[in-house]
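Fold and geometry: a report
Listed here are the chains, written in short residue letters.
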Amino acid sequence: QSALTQPASVSGSPGQSITISCTGTGSDVGAYNYLSWYQQHPGKPPKLMIYGVSSRPSGVSNRFSGSKSGNTASLTISGLQVEDEADYYCSSYTSTNSLHVVFGGGTRLTVL
Amino acid sequence: EVQLVQSGAEVKKPGESLKISCKGSGYTFTNYWIVWFRQMPGKGLEWMGIIYPVDSDTRYNSSFQGQVTISVDKSINTAYLQWSSLKASDTAMYYCAKHHSQAMYYFDLWGQGTLVTVSS
């Protein structure tokens, strides 16, 4: 069982917007802004899409945005495109035992 | 080109040892921690541990402590992940990554992954 909770799947049509949630606790998501999101296409390594809750690395489309409220973070993808179909993982710094970083179980985005 | 290049896929038997590598290029290798992740088939990402190339300071996820060893050779910009006695449950894709300049808790450069298969 993953430390952070994400929905297993979400779907949307091209052009629509979707939001993926990521729920943690007061030891990770709720306590720190070291929150990031990764996109992973099949057979590929993860790609950093959002860091610091809402910042985008250079080269990442502004269709991707992040936010946080309490123990829950969200990734919103607007203007869905076929190439957005992938797995998305949230990640947070944690103060729990020896672990530095915890991940969500991942959300499969299907673009219908 | 800024990149991390990992060693190739491995097929091993239970009980065998293994050391996989991750070589950085195109950036100052000693400025960033290197992290190792495990991704079991069809599953999510797990943070295994982290190493600082300058002094080999290493931290492990307690779930992996004693099961693997992370090391680095800064003279050749290469980090390693090794097992002394593999189990079938070690079958997974393993990724290395460097952390983002903003914080050591985001990872902006990833290796292509090394698939380790352990089967009798």
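Structure: above.
We now turn to the structure provided with this report.

So, how was this worked out
Residues numbered from 1 in each chain as written. Chains lettered and ligands numbered in written order. Predicted model: local features only at pLDDT ≥ 70, side-chain atom pairs only at ≥ 80, totals over all residues. Heavy atoms only, no water. Phe/Tyr/Trp six-rings, centres within 6.5 Å; stacked < 30°, edge-to-face > 60°. Buried < 20%, exposed > 50% of the residue type's maximum accessible area, 1.4 Å probe, protein only. Lys NZ or Arg CZ within 6 Å of the ring centre and 35° of its normal. Pairing = 2+ DSSP bridges. Helix = DSSP H or I, 4+ residues; strand = E, 2+ residues; numbered from the N terminus. Axes fitted to C-alpha atoms, helices over the stretch in contact; angles between N-to-C directions. Contact = heavy atoms within 4.5 Å. Buried area = accessible area lost by both parts, 1.4 Å probe. Salt bridge = Lys/Arg side-chain N within 4 Å of Asp/Glu carboxyl O. Polar contact = N/O pair within 3.5 Å; in protein donor to acceptor, adjacent residues only side chain to side chain.

Brief notes about the packing of aromatic side chains
Describing an aromatic ring pair means giving the distance of the ring centres and the angle of the ring planes. With the rule as written, the count across this model stands at 18 aromatic pairs over all chains. Judged by centre distance (6.4 Å) and plane angle (85 degrees), the ring pair of Phe107 of chain B and Trp110 of chain B falls under edge-to-face. The burial state of Phe107 of chain B is the same as that of Trp110 of chain B; both residues are buried. Grouping aromatic residues by their ring pairs yields a cluster made of Tyr32, Tyr34, Tyr51 and Tyr93 of chain A together with Tyr105 and Tyr106 of chain B. When the ring centre of Tyr27 of chain B is taken as reference, the NZ or CZ atom of Lys98 of chain B above it lies at 5.6 Å. Sitting over the face of the ring of Tyr32 of chain B, Lys98 of chain B holds its NZ or CZ atom 4.0 Å from the ring centroid.

A closer look at the sheet that holds strand β8 (residues 78-83) of chain B
Residues and elements named next belong to chain B. One open sheet holds the four strands; their spatial order is β1-β3-β8-β7, and the pairing between them is antiparallel. Edge positions in the sheet fall to β1 (3-6) and β7 (69-73), since each of these pairs with one other strand and no more. Averaged over all adjacent pairs, the angle separating strand axes in this sheet is 20 degrees, with direction ignored. Of the pairings in the sheet, the one linking strand β3 (residues 18-25) to β8 comprises six bridges and is antiparallel in character. Bridged to Lys19 within β8 is Gln82.

Focus on the interface of chain B and chain A
Facing 23 residues of chain B, the contacting portion of chain A comprises 21 residues. Roughly 1900 Å² is buried in total at the junction of chain B and chain A, and carbon and sulfur atoms are behind 67% of that figure. Summed over the three residues of chain B that lose the most area to chain A, namely Leu45, Tyr105 and Tyr106 of chain B, the buried surface amounts to 38% of that side. Our count for the chain B to chain A interface comes out at zero salt bridges. The interface formed by chain B and chain A includes eight residue pairs in polar contact (both at pLDDT 80 or more).

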